[in-house]
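# Residue-level structural notes
Now for the letters of each chain:
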Amino acid sequence: MKKPWIEIGLSFLSVFMIGLLLVLGGCGKAEGVEPQAIDPETDTCANCNMSVADDQYATELKLEDGKFEKFDDIGCMYKWQEKNPDVKVEQGFVRDFHSKEWLKEEDAAYVYGMDIETPMSFHVISFADEAEAKDHADSHSAEVMSISDLESHKWVKDMESGKHGM
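What this report covers is the structure whose coordinates are included nearby. Because the structure is a prediction, the values reported are computed rather than measured.

Our focus in this paragraph is the pattern of salt bridges. A full pass over the atoms with the stated rule returns six salt bridges. Of the charged contacts, one joins Lys70 and Asp43 as a salt bridge, the two residues approaching to 3.3 Å between their closest N and O atoms. You can see Lys70 sitting in strand E2 (residues 68-71) and its partner Asp43 sitting in the loop between helix H1 (4-26) and strand E1 (59-63), a full 27 residues away along the chain. The residue Asp54 makes a salt bridge to Arg95 at a minimum N-O spacing of 2.8 Å. Taken as a pair, Asp54 in the loop between H1 and E1 and Arg95 in strand E3 (residues 89-95) lie far apart in primary sequence, 41 residues in all.

Right, let's talk about helix H2 (residues 74-83) for a bit. Considered for burial, the residues of H2 that qualify are Ile74, Gly75, Cys76, Met77, Tyr78 and Trp80. Where the residues of H2 are buried, they touch E1, E2, E3, strand E5 (109-112), strand E6 (124-127) and helix H4 (147-151). The residue sitting at the N-terminus of H2 and contributing the capping side-chain oxygen is Asp73; that oxygen lies 2.8 Å from the backbone nitrogen of Gly75.

The next point concerns the sheet that holds strand E4 (residues 102-104). Read from one edge of the open sheet, four strands run E2-E1-E3-E4, paired in antiparallel fashion. Two strands in the sheet have a free side with no partner beyond their single neighbour: E2 and E4. On average, each strand axis in the sheet is tilted by 25 degrees relative to the strand beside it, whichever way the strands run.

It is worth spelling out the side chain of Gln91 at this point. The residue Gln91 is located in strand E3 in this model. At 2.8 Å, the side chain of Gln91 and the side chain of Glu106 are in polar contact.

Following the criterion strictly, the structure yields zero disulfides and no others. Cys45 takes part in no disulfide bond, and the closest cysteine sulfur, belonging to Cys48, lies 3.7 Å away.

All buried positions along helix H3 (residues 130-139) are accounted for by Ala133, His136 and Ala137. The buried side chains of H3 occupy one side of the element, clustering within an arc of 100 degrees when seen end-on. For H3, exposure combined with an orientation more than 90 degrees from the buried face picks out Asp135, Asp138 and Ser139. With a side-chain oxygen lying 3.2 Å from the backbone nitrogen of Ala131, the N-terminal cap of H3 falls on Asp129. Two residues or fewer after H3 comes Ser141, characterised by a positive phi angle close to 50 degrees.

What follows deals with the pairing of E3. Along E3, six of the seven residues are buried, which leaves the element largely enclosed by surrounding structure. In terms of strand pairing, E1 meets E3 through four bridges, oriented antiparallel. Residue pairing for E3: Leu63 is matched across the bridge by Val89. Bridging between E3 and E4 involves three bridges; their strand directions are antiparallel. Paired with Val94 across the strands is Leu103, a residue of E4.

Rules used throughout
Residues numbered from 1 in each chain as written. Predicted model: local features only at pLDDT ≥ 70, side-chain atom pairs only at ≥ 80, totals over all residues. Heavy atoms only, no water. Salt bridge = Lys/Arg side-chain N within 4 Å of Asp/Glu carboxyl O. Helix = DSSP H or I, 4+ residues; strand = E, 2+ residues; numbered from the N terminus. Buried < 20%, exposed > 50% of the residue type's maximum accessible area, 1.4 Å probe, protein only. Contact = heavy atoms within 4.5 Å. Polar contact = N/O pair within 3.5 Å; in protein donor to acceptor, adjacent residues only side chain to side chain. Pairing = 2+ DSSP bridges. Axes fitted to C-alpha atoms, helices over the stretch in contact; angles between N-to-C directions. Disulfide = S-S within 2.5 Å. Arc of directions from axis to C-beta.

The following block contains the structure:
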C-alpha cells in the first residue's frame, strides 16, 4: 500500500507538469521579439538593394533562423516574401507613419492611395491608430487596409510617380 504523502506528491507533480505544458504551449512564437535598429549607412533593402533610411517607411522581418531582413518600403517587404515563399518569418515590423515607432505588422492599420508617396512607389503606409489611418486616408483619397488586405494586395509599382523604379 502506498503512503498518502507519496500519492499527494505524485498528484501535485502531475498537476504542475500539466500546468507548465499549458503555459509553455500558450506562448506565442513572436513574444518578446524586437526589431533591430536601422543603420542607414550600412542597411540595404533585401528586395531592391537601395539604402534603408531610418524613417517611417522602414520595415523589417525577423526570420525563424534569427536573421533580420530590412526594407525601405512596405511593398518591398511583401515583394521579397513573394520571391521567398519558403523562408519562415517569425515576425514582421512596420513603422507608425507619424511617430516612426515600430509596430508588429499585424497590429498596424494601413493606408493605400496613389497620392501617397513612398520610397519605392508602392503607395502604402502604416499607422498604430486606425482612426489616424482613416483620417489620413480621407485626406488623400485613399483607403484603409488591414494586414489580410495586404496579403492579397497586388504589389505593383507606380512607374509614373517619379520615384525609384524596380
